[in-house]
Amino acid sequence: MITANETKTGAELRILDADTLTHLQGWTGKSETVGDDITTAPVRGLSATLDRDDPAPLPGTALPPLWHWLYFLPQYRQSDIGPDGHARRGSFLPPVPLPRRMWAGGRLQWLQDNPLRLGDVVQRTSRIASIEHKAGRTGDLLFVLVTHEVHNARGLALTEEHDIVYRPAAQPDDPVPPPVAAEQSAVWQREFMPDDVLLFRYSALTFNGHRIHYDRQYVTGVEGYPGLIVHGPLIATLLVDLVRRQAPGAFIKSFSFKAVRPTFDLHPFRLSGQPSADGKTVQLWAKDHEGWLTMRATAELA
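Draft legend 1. Quick look at the overall build of the chain. From N to C terminus, the chain includes five helices and ten strands. The C-alpha atoms of the chain give a radius of gyration of 19 Å, which matches the 19 Å a tight globule of 302 residues would have. Summarising its shape, the C-alpha atoms of the chain cover approximately 55 × 45 × 35 Å along the three principal directions. By the burial criterion, 46% of the 302 residues in the chain qualify as buried. When contacts within the chain are restricted to residue pairs at least 6 apart in sequence, long-range pairs at least 24 apart make up 72% of them.

Have a look at this one:
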């Protein structure tokens, strides 16, 4: 069994043995509760980063959907950070020895009668709901489902399911999954350029030290990607932002998204939205400069 303090690289981390899987399964059901304050500075920062012309945030203003990701940020000591910029594993999240970790998707629901507001004192309870192992074409995959409940003084404000996938290190002979062509037409469309300054600013706002988003030498030389990787949560936030720009009076009561393919900072990408005939749902997707689908999502409107 590989422990949290041992490190292996390359082809050694392709298969998880039975003892390791049993050890990791022991994290199922683990929970933690953390508190935070919904302050205005992160809201101003994200508004500027997304190039929004928002009024100055005031206490009592409702927090936009997904902007709660600016809060409850883990702040590990520098000595606890691993070589990829993430915290070393084995505290709340299981010590999965596979080196690549991705935020693969999620599902969220907001309570319309109790939105999070600037000035709220909030609490988030997180629980590891399941840990699932699958054998992929490039080695073992481990899927961790984390659930969150966020409360303010008035009660439950939102629930969230967060999908994390752990993968082996890339190898030169790994099969490449075939890309999926995205829909070309949509009522709502916006082109977005994810340059390295934008990715650094978003990493700073979310206290995300993962080097794949800002360290070009690391992401190309160690993890084998062609460029900096655009954060999955940033793309999800931009898709919700497209709804806010096109339907500013609508309340988003649920949102689900799934990452399909990495997006890199080398080219602009396109955000698309297609509202249903009754206006109650919006199908959303992001596609890269070649037209390949990178993320799909659905927003349900009140």
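There is more to say, and it comes next.
Draft legend 2. A look at the packing of helix α3 (residues 196-205) against helix α5 (residues 232-246). Look at α3 against α5: their axes get within 11 Å of each other, and the N-to-C directions meet at 95 degrees. Considered as vectors, α3 and α5 are oriented roughly perpendicular to each other. Residues Leu198, Leu199 and Tyr202 of α3 pack against Pro233, Leu234 and Thr237 of α5. Here the contact of α3 with α5 is composed, by residue class, of five nonpolar, one polar and no charged.

Draft legend 3. The arrangement of the environment of His267 in detail. Within the fold, His267 resides in the loop between β7 (252-259) and β8 (269-275). With relative accessibility at 36%, the residue His267 sits in the partly exposed group. Every residue in contact with His267, bar those within four places of it in the chain, is listed here: Met193, Pro194 and His289. For His267, the side chain forms a polar contact with the side chain of His289, separated by 3.5 Å.

Draft legend 4. Spotlight on the packing of helix α2 (residues 41-49) against α3. Running from N to C, α2 and α3 cross one another at 165 degrees; their axes reach a closest spacing of 10 Å. In terms of axis orientation, α2 runs roughly antiparallel to α3. The handedness of the crossing between α2 and α3 comes out as left-handed. For the pair formed by α2 and α3, the contact residues are Pro42, Gly45, Leu46, Ala48 and Thr49 on the first element and Leu198, Arg201, Tyr202 and Leu205 on the second.

Draft legend 5. Summary view of unusual backbone geometry. The phi torsion at Leu66 lies on the positive side, around 80 degrees, for a residue other than glycine. Of the residues examined, Leu66 reaches a relative accessible area of 1% and is grouped as buried.

Draft legend 6. Here's a closer look at the sheet that holds strand β2 (residues 100-110). In spatial order, the strands read β1-β3-β4-β5-β2-β7-β10-β9-β8-β6; together these ten strands make up an open sheet with antiparallel pairing. Unpaired on one side and paired on the other, β1 (31-37) and β6 (188-192) mark the two borders of the sheet. Neighbouring strand axes in the sheet, compared pairwise and without regard to direction, differ in orientation by 20 degrees on average. With seven bridges joining them, β7 and strand β10 (residues 293-301) adopt antiparallel strand pairing. Note that in β10 the partner of Ala259 across the bridge is Met295.

Draft legend 7. Layout of the pattern of salt bridges. Counted according to the given criterion, the structure contains 14 salt bridges. One salt bridge connects Arg107 with Asp163, and the closest N-O pair in it is separated by 2.8 Å. Placement of Arg107 in strand β2 and of Asp163 in strand β5 (residues 155-167) is noted, with a sequence separation of 56 residues between them. Take Asp163: its relative accessible area is 22%, and that puts it in the partly exposed class.

Draft legend 8. Up close: the confidence of the model for the chain. Of the residues in the chain, 94% reach a pLDDT of 70 or more, and the chain-wide mean stands at 91. Between residues 1-13, whose pLDDT stays under 50, and residues either more than four places distant or in other chains, the model counts 19 contacts.

What counts, and where the lines are drawn
Residues numbered from 1 in each chain as written. Predicted model: local features only at pLDDT ≥ 70, side-chain atom pairs only at ≥ 80, totals over all residues. Heavy atoms only, no water. Helix = DSSP H or I, 4+ residues; strand = E, 2+ residues; numbered from the N terminus. Rg over C-alpha atoms; globule rule 2.2 N^0.38 Å. Buried < 20%, exposed > 50% of the residue type's maximum accessible area, 1.4 Å probe, protein only. Contact = heavy atoms within 4.5 Å. Axes fitted to C-alpha atoms, helices over the stretch in contact; angles between N-to-C directions. Parallel < 35°, antiparallel > 145°, perpendicular 65-115°, else oblique. Nonpolar A, V, L, I, M, F, W, Y, C, P; charged D, E, K, R; others polar. Polar contact = N/O pair within 3.5 Å; in protein donor to acceptor, adjacent residues only side chain to side chain. Left-handed = near helix turned anticlockwise from the far one by under 90°. Pairing = 2+ DSSP bridges. Salt bridge = Lys/Arg side-chain N within 4 Å of Asp/Glu carboxyl O. pLDDT = per-residue confidence, 0-100.

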